[in-house]
Amino acid sequence: MKYKVPFVNYPKQYQDHKKEYLEKLDDVFSRGDLIMRKDLEEFERKFAGFVGTKYAVGVNSGTSAIYVALKAAGIGFRDEVITVAHTFIASISCIYLVGAKPVLVDIGEDFNMDVKKIESAVTKRTKAIEVVHLNGRLCDMEKIMAIAKKRKLLIIEDASQAVGAKMKMKNGEWKKAGSFGIAGCFSLYPAKILGAFGNAGVLATNNSEIAKKARLLRYNGEDRETRTFYCHSHNLLLDNAQAALLNVKMKYLPGWIKRRIKIANLYYNGLKDVPAIKLPHFGDSRFYDAYFHYVIRVSDRENLKSFLRSKGVETIVSTGFPNYRQPAMKPNKIFLKNTEEICKEVISLPMYPELTNEQAGYVINCVKEFYY
Ligand SMILES: *Cc1c(COP(=O)(O)O)cnc(C)c1O
């Protein structure tokens, strides 16, 4: 089906900067710079600069970034990591993949880890809190960092959905997603806020040891300078050509985030008077949201979804089912009340920089038509 308003629009993003992408690729291919070359280094410098960390290490997916971060932080067998169920499964899977145990806590109205639920989940085995900044909004990092400090826990951030989201700290400083913990992990999957032309990811850190270990872990345990293999690992490299294309995109990233916020404001003003809908504006001026997904809550999601589909508006439901009930996590006795409720109600409206004001207006009118 051809949608009037598709959920993502990859061809449009390509068309908007086609000449630059093609010139960049021609340059990279003509140089023969395919694996671990200067474009990858340039991207890592640029991305670290954007997030506000000393280092960034490119990898081949967000999943790899989380895996590498946990592994580099020394998390493994018999360790516990506190995280949430309302996320993409990779946040949880990577904890299993390093041999540790995920301990899932409930979420709050902002879809993020409920700070009040953290301390009672801490045991002697807890090593880290893996926060997930969902939908382009940060978790309350001021409070989470205080808990982590008190209980001597590491913080790993799954910032896959939060490139450019930030928070104002008590000292007045704005800090970006991925710069709070021992490592910040980002997915650069095409539909993410910063998307590659395929799979890609990156890990950001201020810790030189973590950066060094991440570099070993992303390529067979090898220290490239001494050609020495220090551990066994996978090959998780970010392709140099992808990095080169990401370097083109880095220029546009701040503008793209502003555009997302503009669209969120259009949705807010258009829908705030519809009583049946809860909008994702949580009204705390410490937070600067990047609006990865514009997730609304409604009680009749399936009907709304099919109505919008009939009008040519594509929506998606991401995490519409608690991850602890997926076969990969069975058996368990987990039941998280807010996670259950929120999973039943969430639906994401189209949100990307290429979406026009007219398209956003059309989506608003269709949603209103359903309710009036
Ligand atoms: C997209 C995403 C991932 C995984 O990223 P990939 O690049 O697809 O491996 C992990 N966590 C969250 C929260 C995500 O949204």
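Residues numbered from 1 in each chain as written. Predicted model: local features only at pLDDT ≥ 70, side-chain atom pairs only at ≥ 80, totals over all residues. Heavy atoms only, no water.

Asker: What exactly am I supposed to notice about the sheet that holds strand β12 (residues 287-288) here?
Answerer: Note: strands within a sheet are paired through backbone hydrogen bonds, in either parallel or antiparallel orientation. Taken together, three strands build an open sheet; the order of strands is β7-β6-β12 and the sheet is antiparallel. Sheet topology places β7 (174-176) and β12 at the edges, where each strand pairs with a single neighbour. Where strand β6 (residues 166-168) and β12 come together, two bridges link them in antiparallel fashion. Directly across from Met167, in β12, lies its bridge partner Phe287. (Pairing = 2+ DSSP bridges. Helix = DSSP H or I, 4+ residues; strand = E, 2+ residues; numbered from the N terminus.)

Asker: Help me out: how do you make sense of the site of the ligand in this one?
Answerer: Around the ligand sit 15 residues in total, of which Gly62, Thr63, Asp158, Ser187 and Lys192 are the nearest. A distance of 2.7 Å is found between an oxygen atom of the ligand and a backbone nitrogen or oxygen belonging to Gly62. At 2.7 Å from a nitrogen atom of the ligand is found a side-chain nitrogen or oxygen belonging to Asp158. In isolation the ligand exposes 380 Å². Once the protein is present, 92% of that is buried. Elements with a minimum of two residues in the shell around the ligand: α4 (62-72) and α5 (90-97). Residue contributions to the shell around the ligand peak at three residues, all from α4. Across the shell around the ligand, the residue classes tally to five nonpolar, eight polar and two charged. (Near = heavy atom within 4 Å. Polar contact = N/O pair within 3.5 Å; in protein donor to acceptor, adjacent residues only side chain to side chain. Areas by Shrake-Rupley, 256 points an atom, 1.4 Å probe, with all protein chains shown as cover. Nonpolar A, V, L, I, M, F, W, Y, C, P; charged D, E, K, R; others polar.)

Asker: Can you walk me through unusual backbone geometry in this structure?
Answerer: Glycine aside, residues mostly have negative phi, and peptide bonds are mostly found in the trans state. Cis geometry is found at the peptide bond from Lys330 to Pro331, where omega equals 0°. Mapped onto the elements of the fold, Pro331 is located in the loop between α9 (301-310) and α10 (337-345). A positive phi angle is found at Arg78, which is not glycine, with a value near 75°. Residue position: Arg78 is located in the loop between α4 and β2 (80-84). One non-glycine residue, Phe111, adopts positive backbone phi at about 70°. In this structure, Phe111 sits in the loop between β3 (101-105) and β4 (126-132).

Asker: What is the right way to look at the environment of Val103 in this model?
Answerer: Position of Val103 relative to the elements: it lies in strand β3. When the C-alpha atoms of Val103 and Ile82 are compared, they prove to be 4.7 Å apart, with 21 residues separating the residues in sequence. Those residues in contact with Val103 that sit more than four places away from it in its chain are Glu80, Val81, Ile82, Thr83 and Ala121. (Contact = heavy atoms within 4.5 Å.)

Asker: Explain the pattern of salt bridges to me, please; I cannot follow it from the model alone.
Answerer: A pair can form between side chains of opposite charge whenever their charged atoms are brought close. If you walk through the whole model with that rule in mind, you get 28 salt bridges. With its nearest N and O atoms 2.8 Å apart, the salt bridge here joins Arg31 to Asp27. In this pair, Arg31 and Asp27 are both assigned in helix α2 (residues 18-31), four residues apart and thus about one turn of the helix distant. With a closest N to O distance of 4.0 Å, Glu222 and Arg227 form a salt bridge. Judged by relative accessible area, Glu222 falls into the buried class, the value being 4%. Residue Arg227 is classed as exposed on the basis of its relative accessible area of 56%. Among the charged side chains, a salt-bridge network with shared partners connects Asp27, Arg31, Asp33, Arg37 and Asp39. (Salt bridge = Lys/Arg side-chain N within 4 Å of Asp/Glu carboxyl O. Buried < 20%, exposed > 50% of the residue type's maximum accessible area, 1.4 Å probe, protein only.)

Asker: Hey, could you run me through the pairing of strand β14 (residues 346-349) in this one?
Answerer: Regular strands place side chains that alternate from one sheet face to the opposite one. Every second residue of β14 is oriented toward a common face, with Val346 and Ser348 on one face and Ile347 and Leu349 on the other, all of them buried. Inspection of the sheet shows strand β13 (residues 294-297) paired to β14 by four bridges, in the antiparallel sense. Residue Ile296 lies in a different strand from β14, and its bridge partner there is Ile347.

Asker: Would you mind going over the domain arrangement of the protein with me for this structure?
Answerer: Along its sequence, the protein is carved into domain 1 (10-247) and domain 2 (253-371). Listed by partner, the interface residues are 40 residues for domain 1 and 32 residues for domain 2. Between domain 1 and domain 2 the total buried area reaches about 3,300 Å² when both faces are included, carbon and sulfur atoms providing 63% of it. The largest share of the area that domain 1 buries against domain 2 comes from Phe111, Arg137 and Ile193, three residues that together contribute 20% of it. The interface formed by domain 1 and domain 2 includes four salt bridges. Glu109 is the salt-bridge partner of Lys278, the closest N and O atoms lying 3.6 Å from each other. Across the domain 1-domain 2 interface, the total number found is 14 residue pairs in polar contact (both at pLDDT 80 or more). Those elements giving two or more residues to the side of domain 1 that touches domain 2 turn out to be α1 (10-16), α5, β3 and β6. Of the residues in the side of domain 1 that touches domain 2, the class split is 20 nonpolar, nine polar and 11 charged. (Domains from an automatic or database assignment. Buried area = accessible area lost by both parts, 1.4 Å probe.)

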